[in-house]
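Listed below are the residues making up each chain.
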Amino acid sequence: MAVQVLIAEADPQQRDVVCRFLRRRGYKVRSTSDGMRALRLLRRDAHDVAVFDLGMPGVSSARALEANAGRSDPRPLIAVTDEKSLYEAVAALRSGAFETLTRPFRLEHLEWLIQRAAAAPAPSEGERHILYDGPGGAGRPLFGF
C-alpha cells in the first residue's frame, strides 16, 4: 500500500515540485498552500506522514503541532523551516515533530525522512503523555513556542 503524505507548503512552486517528485515515486499526495486548510487537513486527513511548512502565513507552528497532537492518532510530522529559523526547528522537535528539514533541501532527503516517519511506530500512551501532556496539560505540547 502506498504511503499517504500531506504536503502543507506556503510556496506553490515548491509545493508542486515536491508533490510531483513524490507522486513519481509512488506516494499518494494531498497538498495545500492555504494555512487554515492545512490545519483542517492535519486534524482530519487520513495521511501517514505530514510535511508541514512552519512558515505558512496565518498559522503558527504551535497551532500546527497542537492540531497534530490533538488527533486521536497523531501522525509523524516533518517540520520544514528556513535556514535562519533554528529556534523554531528546535522548538518543533521538542513539541513532538518527528524531524525538521531546513530549506534548501534535496528531494531525496525528504523522501528518506518520509520513509523513516512512515515506518516509525506510533507513540504509546505513555509517550504521548510525556510529549503532549506535560506541565501545559490536556494535549498541549510539553515545550511551547
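Residues numbered from 1 in each chain as written. Predicted model: local features only at pLDDT ≥ 70, side-chain atom pairs only at ≥ 80, totals over all residues. Heavy atoms only, no water.

(A) Expanded view of the sheet that holds strand β4 (residues 77–81). What the five strands build is an open sheet, ordered β2-β1-β3-β4-β5; its pairing is parallel. For this open sheet the edge positions go to β2 (28–32) and β5 (99–102), each flanked by a neighbour on one side alone. Taken pair by pair, the neighbouring strands of this sheet meet at an average axis angle of 20°, ignoring direction. Relative to β4, strand β3 (residues 49–53) is paired through four bridges, and the arrangement is parallel. Bridging across to β4, Ala 50 finds its partner in Leu 77. Running at roughly 170° to β2, helix α1 (residues 12–24) makes contact with β1 (4–8) and β2 of the sheet. (Pairing = 2+ DSSP bridges. Helix = DSSP H or I, 4+ residues; strand = E, 2+ residues; numbered from the N terminus. Axes fitted to C-alpha atoms, helices over the stretch in contact; angles between N-to-C directions. Contact = heavy atoms within 4.5 Å.)

(B) Up close: the pattern of salt bridges. In total, this model carries nine salt bridges according to the counting rule given. Arg 116 is the partner of Glu 99 in a salt bridge, and the nearest nitrogen-oxygen pair spans 3.8 Å. Highlighted residues: Glu 99 in strand β5 and Arg 116 in helix α5 (residues 107–119), separated in sequence by 17 residues. We classify Glu 99 as partly exposed; its relative accessible area is 22%. The partly exposed category is assigned to Arg 116, whose relative accessible area is 34%. We note a salt bridge from Glu 108 to Arg 106, for which the minimum N-O separation is 3.7 Å. Given the relative accessible area of 39%, Glu 108 is considered partly exposed. Connected via shared salt-bridge partners are Glu 9, Asp 53, Asp 82 and Arg 103. (Salt bridge = Lys/Arg side-chain N within 4 Å of Asp/Glu carboxyl O. Buried < 20%, exposed > 50% of the residue type's maximum accessible area, 1.4 Å probe, protein only.)

(C) Layout of the packing of helix α2 (residues 35–44) against helix α3 (residues 61–69). With their axes 8 Å apart at the nearest point, α2 and α3 run at an angle of 25° to one another. Relative to α3, the element α2 is oriented roughly parallel. Considering only the axes of α2 and α3, their crossing is right-handed. Two secondary-structure elements touch here, α2 through Met 36, Leu 39, Leu 42 and Arg 43 and α3 through Arg 63, Ala 64, Ala 67 and Asn 68. (Parallel < 35°, antiparallel > 145°, perpendicular 65-115°, else oblique. Left-handed = near helix turned anticlockwise from the far one by under 90°.)

(D) Here's a closer look at the pairing of β4. Burial within β4 is extensive, with five of its five residues counted as buried. In β4, alternate side chains face the same way, and those of Leu 77, Ala 79 and Thr 81 on one face and Ile 78 and Val 80 on the other are all buried. At this point the chain moves from β3, through α3, to the parallel β4, and the crossover so formed is right-handed. Bridge count between β4 and β5: four bridges; the pairing is parallel. (Right-handed = clockwise from strand over helix to strand, strands pointing away.)

In short, geometric facts, not functional conclusions.
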